[in-house]
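Listed below are the residues making up each chain.
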Amino acid sequence: MAALRWLTPRKRSATERSVLAGEAAAEAALAAPASAAGRKDDRAGAPAFPVAGDPHAAAFFDLDNTVMQGAAIFHFGRGLYKRKFFRSRDLARFAWQQAYFRIAGSEDPEHMQEVRESALSIIKGHRVEELMSIGEEIYDEYMADKIWPGTRALAQAHLDAGQRVWLVTAAPVETASIIARRLGLTGALGTVAEHVDGRYTGRLVGEPLHGPSKAEAVKALAAAEGLELSRCAAYSDSSNDIPMLSLVGHPYAINPDTRLRKHARERGWRLRDYRTGRKAAKIGIPAAAGVGAVAGGAAAAMALQRRRR
């Protein structure tokens, strides 16, 4: 068990930590109750892709800027601040990082690491069940209206074809599981925070589920669930997820950052961008239910540009 390996000496290579994080995410996902929507039988009228009734196929969706506008952990931070988990200056930092993330459209490793460390310190000592209950409320308050309708439609197409659909995200697995359940997905792979006797210790199991760790989690889940990755699909906005996208037979770049867009075009991967309404490619993708609009004003964009100079 990955949870037991966490208790062993900490000197491991980055690759070993990625494997540990992936195994822990897969264990947590498989331990969670499966959504009924993720186990549906195939229905009449399913599109040519996804292939209906294929028990060895599944879909893996990144969360931040792929399924949801912005980052789930930032929205979660807003909800915790409202409940007086931390001070106003911490909220200001969350707000700036969220604005940067949404305008830049990419993940800054230093920003993301800082936010995760802040989040771990905030939840340390709190009970898991308490954070789960609060997470349900925060989803309704800050996340429900941030879901990209187009990506949601893609996930539903897989569900309608009788396939399982998983979120794969660096967000805490508890938060990711709530979002997956609310969207009717099968489950979620997320960063696993260590807890003892039902209380968070302020440490992670392995490392954040990011980059190579996501690929390890998908491989671990596929092995446990009897999936054939060549038949599976994966969706992401970030070049950090190229390892995960490269695992599957059907990779999709959704709202891609510059590097992922270039990588996807070079390899003939399918692209779709909901931020502006343009359809970069339509090959094999069912019609979207709608187009989301990106938030953030011109003044914020100009400020970001000045900061980069």
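This is a predicted model, so every value here is computed, not measured. (Residues numbered from 1 in each chain as written. Predicted model: local features only at pLDDT ≥ 70, side-chain atom pairs only at ≥ 80, totals over all residues. Heavy atoms only, no water.)

### So, the environment of Val67
Residue placement: Val67 occurs in the loop between strand E1 (58-61) and helix H3 (72-82). C-alpha separation for the pair Val67 and Asn255, spaced 188 residues apart in sequence, amounts to 9.7 Å. (Helix = DSSP H or I, 4+ residues; strand = E, 2+ residues; numbered from the N terminus.)

### Let's talk about the packing of helix H6 (residues 128-143) against helix H8 (residues 173-182)
Axis separation between H6 and H8 bottoms out at 9 Å; the angle between their running directions is 50 degrees. It follows from the interaxial angle that H6 and H8 lie oblique. The element H6 and its partner H8 pack so that their crossing is right-handed. Of the residues in H8, those touching H6 at Val128, Met132, Gly135, Glu136, Tyr139, Asp140 and Met143 are Glu174, Thr175, Ile178, Ile179, Arg181 and Arg182. A per-class count over the contact of H6 with H8 returns six nonpolar, two polar and five charged. (Axes fitted to C-alpha atoms, helices over the stretch in contact; angles between N-to-C directions. Parallel < 35°, antiparallel > 145°, perpendicular 65-115°, else oblique. Left-handed = near helix turned anticlockwise from the far one by under 90°. Contact = heavy atoms within 4.5 Å. Nonpolar A, V, L, I, M, F, W, Y, C, P; charged D, E, K, R; others polar.)

### A short note on the sheet that holds strand E7 (residues 250-254)
Reading across the sheet, the six strands line up as E3-E2-E1-E6-E7-E8 and stay open at both edges, with parallel pairing between neighbours. Of all the strands in the sheet, just strand E3 (187-191) and strand E8 (270-272) have a single pairing partner and so form its edges. With direction set aside, neighbouring strand axes in the sheet form an average angle of 20 degrees. Of the strand pairs in this sheet, strand E2 (residues 164-172) and E3 are connected by four bridges, and their pairing is parallel. From the neighbouring strand, Pro172 faces E3, where its bridge partner is Thr191. Seen against the sheet, helix H7 (residues 149-160) touches E1, E2, strand E6 (233-236) and E7 and runs at an angle of roughly 160 degrees to E1. (Pairing = 2+ DSSP bridges.)

### With respect to the pattern of salt bridges
If you walk through the whole model with that rule in mind, you get 19 salt bridges. One salt bridge connects Glu228 with Arg231, and the closest N-O pair in it is separated by 3.1 Å. The exposure class assigned to Arg231 is partly exposed, which follows from its relative accessible area of 35%. A salt bridge links Glu266 to Lys262; the nearest nitrogen and oxygen atoms lie 2.6 Å apart. With Glu266 and Lys262 both in helix H11 (residues 258-267) and four residues apart, this pair spans about one turn of that helix. With respect to burial, Glu266 and Lys262 carry one shared label: exposed. In the salt-bridge network here, residues are joined through shared partners; they are Lys82, Arg83, Glu137 and Glu141. (Salt bridge = Lys/Arg side-chain N within 4 Å of Asp/Glu carboxyl O. Buried < 20%, exposed > 50% of the residue type's maximum accessible area, 1.4 Å probe, protein only.)

### A short note on unusual backbone geometry
A positive phi angle is found at Asp197, which is not glycine, with a value near 55 degrees. In this structure Asp197 comes out as exposed when scored by relative accessible area, which is 69%. Of note in this structure, Asn255 is not a glycine but carries a positive phi near 50 degrees. Looking at the secondary structure, you find Asn255 in the loop between E7 and H11.

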